[in-house]
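Observations on the three-dimensional arrangement
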Amino acid sequence: MIEKHIAYNIKNDKSFNAVYYSHPVPSFESLTFMSFIFDKIYFPGVYIPNSGIDEKETIKEIERIRQNGFRGIDDPSIFNSMIFALHNKYLSDICVFTGEFGNLGVLEKGASDLTKELEELVYGSPPSNFTPTPVMGFSKGLPGDEKASVNGPSWISYPANALIFAIQKGMPLINDNPMMPIPSLGW
């Protein structure tokens, strides 16, 4: 359902929209600059609610995570998504999160293979007899109603997903991280 809505809006909308590439959510500084240029910024496969969260308890959870530190490679994506969830009700005019509740991030067809290519660009070729198995998504429940959670493609699968989404929708891709390589699709 949401995919048809997005396709309709992109096809019939004359606004200047873009797809964010670098991470599941940007810094607020990057978002501020992007909002001067673009009408809407898409975050493919990322779900961030704009209502239903218990803000006070979510702030406590964010502080708990901050004090304990990050333990997993996707913890910064989860942490930043939680912060975005606190502000999303104000950001929903410009930010379009296309993910769905209850998933580990919705991936476009071909994102898994492109993620492996991106991982090789970041880390180099894997050693012999080693099969890379990148984590493809994250999910974290938040205090609040039953749909209070954040989820999305992992830090390494998100850029691959965003690249495919941007090409399919004919939208520009925004990369605010010059260290993040952009793999070729070979199309």
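Below: a short report on this structure. (Residues numbered from 1 in each chain as written. Predicted model: local features only at pLDDT ≥ 70, side-chain atom pairs only at ≥ 80, totals over all residues. Heavy atoms only, no water.)

Comments concerning the overall build of the protein
We apply this condition: Only DSSP runs of H or I reaching four residues or more are called helices, and only runs of E reaching two or more are called strands; each is numbered from the N terminus. Relative accessible area decides the class of each residue, using a 1.4 Å probe on protein chains only: under 20% of the type maximum gives buried, over 50% gives exposed, and in between gives partly exposed. By definition in these notes, contact holds between two residues if any of their heavy atoms fall within 4.5 Å. Exposure was quantified through the Shrake-Rupley algorithm and a 1.4 Å probe, taking into account, for residues, occlusion by the shown protein chains and nothing else. When charges are counted, Lys and Arg contribute as positive and Asp and Glu as negative, whereas His and the chain ends are disregarded. Just so you know, the charge point we use is NZ for Lys, CZ for Arg, CG for Asp and CD for Glu.
Helix and strand counts for the protein come out as six helices and six strands. What you see in the protein, going N to C, is helices and strands ordered as α-β-α-β-α-α-β-α-β-β-α-β. Projecting the C-alpha coordinates of the protein onto the three principal axes gives extents of approximately 50 × 45 × 30 Å. Taking all 187 residues of the protein together, 44% fall into the buried category. In the protein, once contacts between residues fewer than 6 apart in sequence are set aside, the share between residues at least 24 apart is 74%. A total accessible area of about 10,300 Å² is found for the protein, and carbon and sulfur atoms account for 54% of it. Considering the protein, the positive charge centre built from 15 side chains and the negative charge centre built from 21 side chains are found 4 Å apart.

A closer look at the side chain of Ser 77
Examined against the element boundaries, Ser 77 turns out to sit in helix 4 (residues 75-91). With residues up to four places along the chain from it excluded, the contact list for Ser 77 reads Pro 24, Phe 138 and Trp 155.

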